[in-house]
Amino acid sequence: MESVNKEELLKNFSQLEQPLQEEILAQSTIKHLEEGEEALRTGQYIKSTVLLSKGLLKVYREDEDGNEFLMYYLEPGNACALSMMCTARDEQSQIMVKAMDESEIILIPSHLSELWLAKYKTWHNFVIASYRQRFEELLQTLDSIAFKALDERLIFYLRRHVKVSGNEVKLSHQQIANELSSSREVISRLLKKLEQTGAITLHRNYIEVHDLDIV
């Protein structure tokens, strides 16, 4: 691991006050993640608060059969709120976090994260905002599951993916099916219907999204 890059910190966490930024630079470390590499595993004790400075992370749950339930994505400038909660309570992780692109995370020792809540107002506000944002995203996900048909859930899933990584969805039909708790055949059929409306174009290794509002 290496020290935090000052330029990346200032770019992605400019809302934090200067003395706090200086402490992060001095006390925290950077960990590089390759695409597909796990940052957190279910059952792991978390000793650091995780901030994302570069790349894209997927936060999800995984059942005994390996089926995934997507919770939300983390973009540069985001914090993993669940890592904050686990470090504060010295609990095991109940989630998985995986790098979707080559990524860099900032690891802040748990005792500092707690100390800064009282010491720095901008850190307190940042933590509260992180909890709120993740909670709102989880509510949207739960609403999608509870109240929407599978075709609507698929559109919701594609919209969210486009928001964080652009119009090219580089996932297989099987991967999407796993995350939506469906079968590849059903997802392929629904994607084909979307293609017929002009909303997307299916390519060999990715899905190109044009306009999901026309559906």
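Residues numbered from 1 in each chain as written. Predicted model: local features only at pLDDT ≥ 70, side-chain atom pairs only at ≥ 80, totals over all residues. Heavy atoms only, no water.

Here's the deal with a nonpolar patch on the surface
Taken together, the side chains of F135, L139 and L142 define a hydrophobic patch exposed on the protein surface, amounting to about 300 Å² of accessible area. Residue placement: F135 occurs in helix α5 (residues 121-147). A relative accessible area of 51% means that F135 is categorised as exposed. (Patch = residues over 30% accessible without salt bridge, like charges linked within 9 Å, V, L, I, M, F, W, Y side chains within 5 Å. Areas by Shrake-Rupley, 256 points an atom, 1.4 Å probe, with all protein chains shown as cover. Salt bridge = Lys/Arg side-chain N within 4 Å of Asp/Glu carboxyl O. Helix = DSSP H or I, 4+ residues; strand = E, 2+ residues; numbered from the N terminus. Buried < 20%, exposed > 50% of the residue type's maximum accessible area, 1.4 Å probe, protein only.)

Looking at the packing of aromatic side chains
Under the definition given, this model contains 3 aromatic pairs. Between W123 and F126 the ring centres are 5.6 Å apart and the planes differ by 35 degrees, which places this aromatic pair in the tilted class. Highlighted residues: W123 and F126, both in helix α5, separated by 3 residues, approximately one helical turn. By relative accessible area, which is 7% here, F126 ends up buried. Taken together, F13, W116, W123 and F126 form an aromatic cluster joined through their ring pairs. Between the NZ or CZ atom of K58 and the centre of the ring of Y60, over which it lies, the distance is 4.7 Å. (Phe/Tyr/Trp six-rings, centres within 6.5 Å; stacked < 30°, edge-to-face > 60°. Lys NZ or Arg CZ within 6 Å of the ring centre and 35° of its normal.)

Structural notes on the environment of G166
Looking at the element boundaries, G166 is found in the loop between α6 (150-165) and β9 (168-169). Overall, G166 belongs to the partly exposed group, its relative accessible area being 28%.

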